[in-house]
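Letter by letter, the chains look like this.
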Amino acid sequence: MTPGFSDDLQEVNDARKKAVIDRELSRLQMDVVALQETRLPETGSVRERDFTLFWQGKPSDECLRTNFGIHSISKRQFYDDLSAAARRIPDRELLFIAGDFNARVGVDHNSWPTCLGQFGTGKMNENGQRLLELCCHHGLCISNTFFNTKPQHRVSWRHPRSKHWHQLDLILTRRVNLSSIKITRSYQSADCDTDHSLVCSSVKLRAKRLHHTRKEGRPRIDTSKTYRWEHFRDAVYNAAMSTFGKRTSKSADWFEAHLEEMTPVIEAKRNALTAYKTNPSEQNLQVLRAARSKVQQCARQCANDYWLQLCSQIQIAADTGNIKAMYDGIKQALGPTQKKTAPLKSATGEVIQDRTTDGALGRTPH
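Residues numbered from 1 in each chain as written. Predicted model: local features only at pLDDT ≥ 70, side-chain atom pairs only at ≥ 80, totals over all residues. Heavy atoms only, no water.

(A) How the structure looks around the sheet that holds strand E4 (residues 140–142). An order of E3-E7-E4 is seen for the three strands of this open sheet, with the pairing classed as antiparallel. Of all strands in the sheet, those bounded by a partner on one side alone are strand E3 (96–100) and E4. Taking the axes of each pair of neighbouring strands and ignoring which way they run, one obtains an average angle of 25° across the sheet. Judged from the three bridges that link them, E4 and strand E7 (residues 169–174) form a sheet pairing that is antiparallel. Within E7, the residue paired with Cys141 across the bridge is Thr173. The strands that helix H4 (residues 126–138) touches are E4 and E7; relative to E4, the one it contacts most, it runs at about 140°. (Pairing = 2+ DSSP bridges. Helix = DSSP H or I, 4+ residues; strand = E, 2+ residues; numbered from the N terminus. Axes fitted to C-alpha atoms, helices over the stretch in contact; angles between N-to-C directions. Contact = heavy atoms within 4.5 Å.)

Given below as structure tokens:
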């Protein structure tokens, strides 16, 4: 995917954060990830190399109005909406809620035995009280506190002034399904340009068996004569490769095109971040800042070279009358269109979430 155009050159490095996150999650072998504080407006999705990112944010006009702090009424509304969403999930289905709740649940296992384990950290705050009440009401538990991991694997965020580590990024699940989670821990080595550490749960899922009438199968192929089969396979493959060639990706952007140059500096920044988290000294902080600055410089240089080369190709195609190559270059510069979805609303403007009544769907009875 290409990043598109940006009027501010300082935003060139931020335009491909999705590509950096995609590769970092692939390196850590993640399957399903919940990203926090993306600040993406509207609703849509975008496809990266290994992951597809889905988001649902506020309208664009609301995102322009910045609010500092959250009122208690907004907190109450958030937990009411979260409780209503959890109530709609059937009890027989697995439920996982992951996010940065800014909640410190503490270590009081005796007061919350069903939803809080014996390996919590810190003291409880107001948000932690609300979250624990929600867990008790819906039979949920905070999986971060049920596994005896190393102290650095129980925390996910460090306060910039006090330098104290806290456990803010939590993964909730039903208490009856806690046995399906092997472990929940933090990964301090994950580098996604955020001050929060990656929190991961390893889940063991058992697929539901579906019983179908078995149809009569075809006769099995005799593979004992491997020499003849390998000769036939290689002949077909070589003929196809020589005729059609290998398919290449047409969506490579400046990040993919200069991956060999970006990979070493990103790896150096990751190592500097790990060293700073292990030993937060002034020297390691300066090394980390230098590594981040080098990544930004390299990213801007790679993006500049990519756009200059692409624009030159488009101009040459236009001058020589190669219309197809010109439009292909323009499509590559604009990148794929983000898929945006709009919720179905009723005549009164409310979002339709079920099919309970005909009036909710806006139908007129005959």
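(B) A look at the packing of aromatic side chains. Counted by the stated rule, this structure contains two aromatic pairs. When the ring of Phe78 is compared with that of Tyr79, the centres are 5.1 Å apart and the planes differ by 80°; the resulting orientation is edge-to-face. A centroid spacing of 5.3 Å and a plane angle of 75° characterise the contact between Tyr306 and Trp307, whose relative ring orientation is edge-to-face. Each member of the pair, Tyr306 as well as Trp307, carries the same accessibility label: buried. (Phe/Tyr/Trp six-rings, centres within 6.5 Å; stacked < 30°, edge-to-face > 60°. Buried < 20%, exposed > 50% of the residue type's maximum accessible area, 1.4 Å probe, protein only.)

(C) Representation of the pattern of salt bridges. Counted by the stated rule, this structure contains nine salt bridges. We note a salt bridge from Glu24 to Arg270, for which the minimum N-O separation is 2.7 Å. Placement of Glu24 in helix H1 (residues 17–27) and of Arg270 in helix H7 (residues 259–278) is noted, with a sequence separation of 246 residues between them. Taken individually, Glu24 and Arg270 each receive the classification buried, so the pair is uniform in this respect. Lys269 is the partner of Asp191 in a salt bridge, and the nearest nitrogen-oxygen pair spans 2.7 Å. Of this pair, Asp191 sits in the loop between strand E8 (181–187) and strand E9 (198–203) while Lys269 is found in helix H7, placing the two residues 78 residues apart along the sequence. Exposure class is identical for Asp191 and Lys269. Each is buried. (Salt bridge = Lys/Arg side-chain N within 4 Å of Asp/Glu carboxyl O.)

So yeah, pure geometry; function would need other evidence.
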